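Summary of the model geometry
Each chain, letter by letter, is given below.
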Amino acid sequence: MADIPGQGRGTVIPRVVIAAPSSGSGKTTVATGLMAALSRRGSKVAPFKVGPDYIDPGYHTLAAGRPGRNLDPVLVGEDMVAPLFKHGAAGADIAVIEGVMGMFDGRHPTSDYGSTAHMAKLLNAPVILVVDAWGQARSMAALVHGFRAFDPEIRLAGVIANRIGSAYHAEILEHACDEVGLPLLGALRREDALKVPSRHLGLVTAAEHGPEAVRVIDAMAELVAGGVNLDAIVRVAGEAGPLDGEPWQAPVQEASRPVIAVAGGAAFTFGYAEHAEMLAAAGAEVAVFDPLRDTRLPEGTKGLVLPGGFPEQHAEQLSANEALREAVAAFHGPVHAECGGLLFLVKSLDGHPMCGVLDAEAQMTPSLSLGYRDAVAAADSPLCTEGIRWTGHEFHRTVVTPIRGEKPAWIWRDRAGSVVREGFVQRRVHASYLHTHPVANPGAIARFVRACE
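Structural notes, computed from the coordinates.

**Some details on the packing of aromatic side chains**
Counted according to the given criterion, the structure contains nine aromatic pairs. Residues Tyr54 and Phe270 carry aromatic rings whose centres are separated by 4.9 Å and whose planes lie at 10 degrees to one another, so their mutual orientation is stacked. In this pair, Tyr54 is assigned in the loop between strand E2 (45-50) and helix H2 (56-64) and Phe270 in the loop between strand E10 (259-263) and helix H11 (273-281), connecting sequence segments 216 residues apart. A ring pair is formed by Phe268 and Phe344, whose centres lie 5.6 Å apart and whose planes are at 65 degrees; its orientation type is edge-to-face. Of this pair, Phe268 sits in the loop between E10 and H11 while Phe344 is found in helix H14 (residues 340-345), placing the two residues 76 residues apart along the sequence. Note on accessibility: Phe268 and Phe344 belong to one class, buried. Taken together, the ring pairs in this structure connect Tyr54, Phe270, Tyr272, Phe310 and Phe395 into an aromatic cluster.

See the structure below:
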């Protein structure tokens, strides 16, 4: 396996992208199973997920034993993808990158920007296509041939067939792949033991799933180890091309080490690994606390970060922690809240009392708000100066009424071209539904830490 000391310019980092023709084909099972199976063989595996998904990286973290990280050119820009990848792959023997949706499905219907294919090109990485083979035979040849021919810049290196019916079915599929000159690198039978509970926004997070998440990952590892040629996967990963540039480093600045409390635990799992790294590099002392269990903020807290998650699934327990709710309500330092954090700050969530920092109510709805937003900061806050542009992502089925305060946090245009004003900027609070990636705007993180001093 290639050596990657320093990971500087032109270094080859063994890596492979796991793609699929569509969502639901088995990417997560294969990618997570690969991470776990390779880790159990003694490899140091760097796990990645394409796009703004917060759930899969939690399972990747358990499988690989190191932080699952996101790679998203829409949120951070194309130029930051390789540096962030090298940062996350530091010290690893191999990187496994799980794709998003179908291989060519990106932000726009006429472009692959932000897609798995786009990521494979940015990372100069070979691709393995995971195909749901249930009900397929020789037709597999036409499908994989089409995916290989659609974009010649993509290096499709092999196929893994998911949900096969028998050993004979696997033989048929192997002949189909041979017919178009692509190796079948694995064939996996359907396994009910791999099912992860789902709900309104996708899978149940690993943090909430607890010991059951470990059991599911164990089952994935066994399935992949028994049905996939791991040596062939490692060879494919070693065929990745050079990747120019230096690893990303969090900008460093001097500060008086203000304590910034970051909500975690089962209710607040939606965050990027780089966020805490950037807060620390900017001079903060990061203290993680669990609003489901802790009855007070960490000692000496000067700033508060409330990331996204599923507080709506834990509303009764969050509400019952009256001591912490009162501590948050009485806190007068800078607050940065996103999505789930926003819900924690309102007066009530589905009728359960919350912190009451914001004069608003929240409730579940049947409608999903989902997609990227090209936003502009609508007011000065501890996080942003007015006019800063920041592309973020919405992902929720709740509604906050009213949707904005006297000073909204963000302004953007919806698909119809109408102006949307959303979120709250009041006192020293910046709260919104918008999930943002801190690497896209390091000045905002530095500004927030300064405000906490």
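**A closer look at the pairing of strand E4 (residues 94-98)**
Of all the five residues making up E4, five are buried; the element is thus mostly covered by neighbouring parts of the structure. Burial along E4 is two-sided: the face carrying Ile94, Val96 and Glu98 and the face carrying Ala95 and Ile97 are both buried. Where strand E1 (residues 15-19) lies against E4, four bridges are found, and the strand directions are parallel. Bridging from a neighbouring strand, Val17 pairs with Ile97 of E4. Bridge count for E2 against E4 is five bridges, and the pairing is parallel. Looking at the pairing, Pro47 lines up with Val96 of E4.

So, how was this worked out
- In this numbering scheme, every chain counts its residues from 1 along its sequence in written order.
- Where local features are concerned, this predicted model is filtered to residues with pLDDT of at least 70; where side-chain atom pairs are given and counted, the filter is 80 or more; whole-chain, interface and lining totals use all residues.
- Water and hydrogen atoms play no part in the side-chain values, which are based on all heavy atoms of the structure.
- Classification of ring pairs uses Phe, Tyr and Trp, with its six-membered ring standing for Trp, and accepts pairs whose centres are within 6.5 Å; under 30 degrees between planes counts as stacked, over 60 as edge-to-face, and the remaining range as tilted.
- Starting at the N terminus, helices and strands are each numbered in turn, a helix being any DSSP run of H or I of at least four residues and a strand any DSSP run of E of at least two.
- Burial classification: accessible surface area is computed with a 1.4 Å probe over protein chains only, and a residue below 20% of its type maximum counts as buried, one above 50% as exposed, and the rest as partly exposed.
- At least two bridges found by DSSP between two strands is the condition for calling them paired.

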